[in-house]
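Survey of secondary and tertiary structure
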Amino acid sequence: MAEKFRVALSSDFLKPDGSPAFPMFDRKPLSDHPNIEWAYLKQGGGPVSATELEGYDALILLAQRFARESVPKGGRLGMVARFGVGYDTVDVEACSDNGIALVITPDGVRRPVAVSIIALMLVITGKLLVKDRLTRQGPPGFAQKINHMGYGLVGRTLGSVGMGNIGAEMFRLAKPFDMTFIACDPYASPALAANLGVRLVDLETLFRESDVLAVNCLLNDETHHVVNAARISLMKPTAYLINTSRGGTVDQAALTKALQENRIAGAGLDVLDPEPPSADDPILTLDNVVLNPHALCWTDQCFAGIGAADVAAVFDLMAGKEPRGIVNRATTENAGWRAKLERNRARFAG
Ligand SMILES: NC(=O)c1ccc[n+]([C@@H]2O[C@H](COP(=O)([O-])OP(=O)(O)OC[C@H]3O[C@@H](n4cnc5c(N)ncnc54)[C@H](O)[C@@H]3O)[C@@H](O)[C@H]2O)c1
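Read from one edge of the open sheet, seven strands run β8-β7-β6-β9-β10-β11-β12, paired in parallel fashion. Two strands bound the open sheet, and with one partner strand each, they are β8 (198-200) and β12 (289-291). Each strand axis lies, on average, 20° off the axis of its neighbour in the sheet, ignoring direction. Note: strand β10 (residues 240-243) against strand β11 (residues 266-269), four bridges, orientation parallel. Bridge pairing in β11 links Leu241 to Ala267. On top of the sheet, helix α11 (residues 252-260) reaches β10, β11 and β12; it is set at about 140° to β11, its chief contact.

A separate point is the side chain of Ser116. Inspection of the secondary structure puts Ser116 in helix α4 (residues 106-125). A polar contact is formed between the side chain of Ser116 and the backbone oxygen of Pro112, at a distance of 2.9 Å. Ignoring sequence-local partners within four residues, the contact set of Ser116 consists of Leu296 and Cys297.

The interhelical angle for the contact between α4 and helix α7 (residues 165-174), taken along N-to-C directions, is 50°, at an axis separation of 8 Å. As far as their axial angle goes, α7 and α4 are oblique. Two packed elements cross with a definite hand, and for α4 against α7 that hand is right-handed. Residue-level inspection shows Pro106, Val109, Arg110, Arg111, Val113, Ala114, Val115, Ile117 and Ile118 of α4 in contact with α7, the latter providing Asn165, Ile166, Glu169, Met170, Arg172, Leu173 and Ala174.

In this section: the site of the ligand. Taken together, 24 residues surround the ligand, and among them Asn165, Ile166, Asp185, Cys217 and Glu222 come closest. Contact between the ligand and Asp185: an oxygen atom at 2.6 Å from a side-chain N or O atom of the residue. When the ligand sits alone it has 870 Å² of accessible area, and the protein chains cover 85% of it. Taken together, the residues that form the shell around the ligand break down as 12 nonpolar, eight polar and four charged.

Every buried residue belonging to α7 is among Gly167, Ala168, Glu169, Met170, Phe171 and Ala174, and all of these are buried. Close packing links the buried residues of α7 with α4, β6 (157-161), β7 (180-184), α8 (190-196), β8 and β9 (212-215).

Turning our attention to α11. Within α11, the full set of buried residues consists of Gln252, Ala254, Leu255, Thr256, Ala258 and Leu259. Along its buried surface, α11 packs onto α10 (229-232), β10, β11 and β12. The opening residue of α11 is Asp251, an N-cap whose side-chain oxygen sits 3.2 Å from the backbone nitrogen of Ala253. Looking one or two residues beyond α11, the residue adopting positive phi is Asn262, at roughly 50°.

Scoring rules and cut-offs
- Residues numbered from 1 in each chain as written.
- Predicted model: local features only at pLDDT ≥ 70, side-chain atom pairs only at ≥ 80, totals over all residues.
- Heavy atoms only, no water.
- Pairing = 2+ DSSP bridges.
- Helix = DSSP H or I, 4+ residues; strand = E, 2+ residues; numbered from the N terminus.
- Axes fitted to C-alpha atoms, helices over the stretch in contact; angles between N-to-C directions.
- Contact = heavy atoms within 4.5 Å.
- Polar contact = N/O pair within 3.5 Å; in protein donor to acceptor, adjacent residues only side chain to side chain.
- Parallel < 35°, antiparallel > 145°, perpendicular 65-115°, else oblique.
- Left-handed = near helix turned anticlockwise from the far one by under 90°.
- Near = heavy atom within 4 Å.
- Areas by Shrake-Rupley, 256 points an atom, 1.4 Å probe, with all protein chains shown as cover.
- Nonpolar A, V, L, I, M, F, W, Y, C, P; charged D, E, K, R; others polar.
- Buried < 20%, exposed > 50% of the residue type's maximum accessible area, 1.4 Å probe, protein only.

What follows is the structure in structure tokens.
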């Protein structure tokens, strides 16, 4: 019998009771494919075991760590496909050194995170949570409603730090709100900006002009605390900040102070620094911020989409094609990786 294309799923895709974590991740296309054989790895805790991974062509990885010591012998593994877009649990260099492509799933998160940003924008500018509290107070609450006007969006300026996968989708979704769009992204394509109706500006202009400012960049040395005290001081007192990127892009102490002093109107945060915050973090006591446990985009469709993107990557690799979402792009020039692609093409394409 011809050798199958072998796919491993990290052990944390099974809950301790043996039921699947994220059941909306449809494993059926893997099961139904005549040339694919897949299995859960057994070993839990610690990094993925190299011994267990031997003989596999691809790994779909949830939260478990993939370290240098996880690289299996035999040189067959061609891809580590993360279930999501974060990859701080993966030793990227070890992947690159061994001709292993690290793949993430931007296609799976684009819409769900962009929807989360729109949801936060509507909730904070519409003062939805405040009005929910008033309603529950009965007559005294209703009597207060005149003091809690929302903030209309027509003609207001929606700004973004970063205009990549999610930032661009946010602007697409926001189109019917008739807002003005601006973004700061040193690497953005002017053609994409023009297409979306976004004016590209510098950071200072972005902070000065935005009425709703969303952070949509990756967290790296350049963007750590890109929202800091100095830049917050440029914001309008009526402006709102939204962060769904990573907690570290915002200097949370500076934001907390600005919110305490009502220097800006409010904030909507899906991400914090650290996560979870300590029980005595002052940001938890503020009324002008809406908080989420880094899970606002978590929907059935989000995880179905992430799973479908990983399955698509498996099918591509099996057919000898480059999967979408490769993080370590240089690996695609690596002779070892190209040889794996060639081998797969010879085995399974056509
Ligand atoms: N909240 C969640 O559950 C969740 C889920 C997925 C992704 N995210 C986060 O959302 C953010 C955006 O993800 P994405 O998929 O759009 O990433 P992306 O890589 O497609 O886009 C990031 C953009 O930031 C730009 N950028 C880089 N340096 C910059 C700088 N100094 N100033 C301004 N822009 C800069 C890049 O050019 C790029 O266009 C990331 O931080 C990601 O980790 C959060």
